[in-house]
Amino acid sequence: MTEAWQLIERAKSVTLLTHVNPDADTLGSALGMYHILKNMGKKVHIFNATRLPYNLDFLPGITKVRNAFQEAECYISFDAGSFDRLGIKNECSPLINIDHHATNTRYGTYNIVDPTAAATAQVVYDFCKANGAKIPKESALCLYAALVDDCGFFKYESVDASVFEFAKELCEAGAQPEYVAQMLTMREPLAKLRLIQKVLATLELKINAKVAIVYLTQQMLAETGGTKEMADDALNMARSLATVEVAVLLRQEEDGRIKVSLRSKSRVDVGAIALSFGGGGHKRAAGYTSDLHDFDRVLQQLLNALQGELVEL
Ligand code: 5GP
Ligand code: MN
């Protein structure tokens, strides 16, 4: 048994921490762990500092996720590459940091970080299984949703035989692939398509059409009633263009700062670029927030950084 697992075994109460602007991997991983810990008789809290996405309401236990921070004997964070991604001001100790970002800053008392994993869910599963935990069917469903969402339904380069082995074990434990796919992708609100129309209408191509840029403003959100995560698909569409290697979404935040989301196709390490601007992520999906309030200046800085990377391609 690992020291981190002993810590969990000894703790009567555990608080699970998920990252801001949560996705299926952070919430599915935390909820996967939630059901395992409840089975072990623990008192478990789940914290998220921001709003939950509409399409994850089907995850068993999602109503337990709270905006209010709860102290506990042990803390576990999921899918957060750095401590600030948790949106917490409190001291969290001891903390087990479970993640798969190569840019993870190792901020935990224990750091269970596997950059080869397709999703944090895979790291959670391996950790729990290696320590002899039983995986209830609610956990299998949550972990499966986390996995498929984070690997683009088995499309990304992180997918190898071990990922299918993991998916197989989750199915055997009760996860239903078609149900999860329906819940995640077939319940879109009209506002999302209206918003995507507006975002795609801003498409610009730069650096010999190797870079595609799309914009999301607060006005577009107000006009459509959409929410910011609804623009992710527009970013993926921008990347899907034949000539494009890097797609960029520049999003105006409520406070006027600009959030940059980067996606690459097969060559450019956008995680390294995001890191150089104070953010982080993976090779093919990364992001950062700029303190500048001006789209043009943020874009110019970014294009300067990308220019060198793209010259060879
Ligand atoms: P997105 O562009 O969808 O917000 O994020 C893509 C990936 O980059 C995710 O894996 C996310 O965790 C990571 N990421 C996005 N923004 C930041 C950031 O500001 N800091 C760090 N460390 N990672 C980020
Ligand atoms: Mn992830």
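This one's a predicted model, so the numbers in the text were calculated from it and none came from an experiment. (Residues numbered from 1 in each chain as written. Chains lettered and ligands numbered in written order. Predicted model: local features only at pLDDT ≥ 70, side-chain atom pairs only at ≥ 80, totals over all residues. Heavy atoms only, no water.)

Brief notes about helix α5 (residues 161-172)
Thought 1: Between its first and last C-alpha atoms α5 spans 17 Å; for 12 residues at 1.5 Å apiece the expected length is 16 Å, and the two agree.
Thought 2: Those residues of α5 that sit buried are Val-163, Phe-166, Ala-167, Glu-169 and Leu-170. End-on view of α5: buried residues confined to an arc of 160°, all on one side of the axis. Facing away from the buried side of α5 by over 90 degrees, the exposed positions are Ala-161 and Glu-172.
Thought 3: Residues of α5 that are buried in the fold lie against α3 (120-130) and α4 (137-150).
Thought 4: Taken from the residues just after α5, Gly-174 is the one with a positive phi, measuring 120°. (Helix = DSSP H or I, 4+ residues; strand = E, 2+ residues; numbered from the N terminus. Expected span 1.5 Å × (residues − 1). Buried < 20%, exposed > 50% of the residue type's maximum accessible area, 1.4 Å probe, protein only. Arc of directions from axis to C-beta. Contact = heavy atoms within 4.5 Å.)

Details of the packing of aromatic side chains
Thought 1: Using the criterion set out here, one finds 9 aromatic pairs in the structure.
Thought 2: Each ring, one from Phe-58 and one from Tyr-179, has its centre 5.9 Å from the other, and the planes form 85°; the classification is edge-to-face. Taken together, the positions of Phe-58 in the loop between β2 (43-47) and β3 (65-66) and Tyr-179 in helix α6 (residues 177-185) put the pair 121 residues apart, joining distant regions of the chain.
Thought 3: Given a relative accessible area of 11%, Phe-58 falls into the buried group.
Thought 4: When the ring of Phe-277 is compared with that of Tyr-288, the centres are 4.7 Å apart and the planes differ by 15°; the resulting orientation is stacked. Taken together, the residues span a long stretch of sequence, with Phe-277 in the loop between α10 (270-276) and β11 (280-281) and Tyr-288 in strand β12 (residues 285-290) at a distance of 11 residues. (Phe/Tyr/Trp six-rings, centres within 6.5 Å; stacked < 30°, edge-to-face > 60°.)

Topic: the coordination of the manganese ion (ligand 2)
Thought 1: Ligation of the manganese ion (ligand 2) by protein atoms is provided by Asp-25 (OD), Asp-79 (OD), His-100 (NE2) and Asp-150 (OD), these donors lying 2.1 to 2.3 Å from the ion.
Thought 2: Counting along the primary sequence, the residues that act as donors to the manganese ion (ligand 2) give the motif D-x53-D-x20-H-x49-D. In this pair, Asp-79 sits in the loop between β4 (74-78) and β5 (95-99) while Asp-150 sits in helix α4, placing the two residues 71 residues apart along the sequence. Of the two residues, Asp-79 and Asp-150, neither departs from the other in class, the shared state being buried. (Donors = N, O, S within 2.8 Å, 3.2 Å for Na, K, Ca; no water.)

Considering the packing of α4 against α5
Thought 1: Where α4 meets α5, the axes come as close as 9 Å, and the angle between the chain directions of the two elements is 150°. Considering their axes alone, α4 and α5 lie roughly antiparallel with respect to each other. Between α4 and α5 lies a crossing whose hand is left-handed. Note on element contacts: α5 touches α4 through Val-163, Phe-166, Ala-167, Leu-170 and Cys-171, opposite Ala-140, Leu-143, Tyr-144 and Leu-147. (Axes fitted to C-alpha atoms, helices over the stretch in contact; angles between N-to-C directions. Parallel < 35°, antiparallel > 145°, perpendicular 65-115°, else oblique. Left-handed = near helix turned anticlockwise from the far one by under 90°.)

Things to note about the side chain of Ser-77
Thought 1: Positionally, Ser-77 belongs in strand β4.
Thought 2: Among the residues examined, Ser-77 registers a relative accessible area of 0% and is labelled buried.
Thought 3: Here the side chain of Ser-77 touches Tyr-107 through a polar contact of 2.9 Å, side chain to side chain.
Thought 4: With residues up to four places along the chain from it excluded, the contact list for Ser-77 reads Leu-17, Leu-86, Leu-95, Ile-96, Asn-97, Ile-98 and Tyr-107. (Polar contact = N/O pair within 3.5 Å; in protein donor to acceptor, adjacent residues only side chain to side chain.)

Keep in mind these numbers describe shape, not what the thing actually does.
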